[in-house]
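Observations on the three-dimensional arrangement
These are the residues of each chain, in order.
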Amino acid sequence: MAAGVTPEPEVVLETARLLLRPWRVTEAAVQRELWTERDPRVPPHRRIDAEGRPTVAEIEESIRTNRLRSSRLLAVERKATGDVIGYCGLVDSEKVPDGEPELAFELLRRVWRQGYATEASSAVLDWARSSGYERLWATVWEWNVASRRVLAKIGFTETGRTEVHAVHGTNLFTTKQL
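The structure contained in this document is the topic of the report that follows. (Residues numbered from 1 in each chain as written. Predicted model: local features only at pLDDT ≥ 70, side-chain atom pairs only at ≥ 80, totals over all residues. Heavy atoms only, no water.)

**With respect to the environment of Val56**
One can find Val56 in helix α2 (residues 56-64). With 34 residues separating them along the chain, Val56 and Leu90 place their C-alpha atoms 23 Å apart. Apart from residues lying up to four places away in sequence, Val56 is in contact with Ala28, Ala29 and Arg32. (Helix = DSSP H or I, 4+ residues; strand = E, 2+ residues; numbered from the N terminus. Contact = heavy atoms within 4.5 Å.)

**Things to note about the packing of aromatic side chains**
Applying the stated criterion across every chain yields a total of 1 aromatic pair. On the basis of an interplanar angle of 5 degrees and a centroid distance of 6.1 Å, the ring pair of Trp141 and Trp143 is categorised as stacked. The ring centre of Trp35 lies 4.7 Å from the NZ or CZ of Arg38, which sits over that ring. Above the plane of the ring of Trp35 lies Arg46, whose end atom (NZ or CZ) is 5.7 Å from the centre. (Phe/Tyr/Trp six-rings, centres within 6.5 Å; stacked < 30°, edge-to-face > 60°. Lys NZ or Arg CZ within 6 Å of the ring centre and 35° of its normal.)

**Observations regarding the pattern of salt bridges**
According to the stated counting rule, one finds 17 salt bridges in the structure shown. We note a salt bridge from Arg41 to Asp39, for which the minimum N-O separation is 2.9 Å. By relative accessible area, Arg41 is classed as partly exposed at 37%. Here the salt bridges do not stand alone but share partners, grouping Arg21, Arg24, Glu27 and Glu77 into one network. (Salt bridge = Lys/Arg side-chain N within 4 Å of Asp/Glu carboxyl O. Buried < 20%, exposed > 50% of the residue type's maximum accessible area, 1.4 Å probe, protein only.)

**Remarks on helix α4 (residues 145-153)**
Taken together, the buried positions of α4 are Ser147, Val150 and Leu151. Here the buried residues of α4 occupy an arc of 95 degrees about the axis, which is enough to place them on one side. Residues of α4 that are buried sit in contact with β5 (102-107), α3 (116-130), β6 (135-141) and β8 (169-177). Positive phi shows up at Gly155, right after α4, with a value of about 95 degrees. (Arc of directions from axis to C-beta.)

**Considering helix α1 (residues 28-37)**
Within α1, the full set of buried residues consists of Ala28, Val30, Gln31, Leu34, Trp35 and Glu37. Where α1 is buried, its residues contact α2, β4 (84-91) and β5.

**A closer look at the pairing of β6**
A regular strand carries its side chains on alternate faces of the sheet. The element β6 is extensively covered by neighbouring structure, given that 5 of its 7 residues are classed as buried. Sheet analysis places β6 next to β8, joined by 7 bridges and oriented antiparallel. Looking at the pairing, Ala138 lines up with Thr174 of β8. (Pairing = 2+ DSSP bridges.)

**Structural notes on unusual backbone geometry**
The omega angle of the peptide bond from Arg53 to Pro54 is 5 degrees, so this bond is cis rather than trans. Looking at where Pro54 falls in the secondary structure, it is placed in the loop between α1 and α2. At Arg113, a position not held by glycine, the phi torsion is positive, near 65 degrees. Within the fold, Arg113 resides in the loop between β5 and α3.

Right, dumping it as structure tokens:
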């Protein structure tokens with residue numbers, strides 16, 4: 001973390017329609033559904049493998065032992081219905097400078113095009129700013145037009161830095177000063 005950044009053990013963020021909060025073990029099936037819906041161009045380590053892994057039980061164990069990519073990756077719950085529709089939060093990455101995490105979000109297909117990703121990401125930006133971060137990053141596949149649009153709406157700009165993968169496409173690096 002950057003100097004002056006205060007870690008928050010239990011983060012809960014609220015917007016007009018959403019509650020962003022830590023994952024519950026009982027929501028492992030939602031995470032697994034996200035894995036099953038991923039575009040085939042996403043690298044294999046982020047999709048269900050030939051043996052059906054990760055399983056719901058493996059995801060439950062990850063939640064139980066807090067072995068998720070980041071404890072700052074929050075479940076996105078719709079307040080009106082109480083259902084979890086995906087995640088949004090901050091993750092540490094070796095690809096960007098220390099103390100400057102990446103914004104990450106992923107929502108179930110059935111809730112796409114309703115503004116939830118923009119709403120959740122805006123809440124995470126406010127949280128990051130109030131926590132002392134000065135800059136965030138986000139990487140996005142060039143072919144993922146919807147996520148690129150969300151990032152542009154919330155003020156991320158493409159840096160010109162890319163990573164080209166022969167099979168999966170080009171990953172674009174974006175950033176935002178807070």
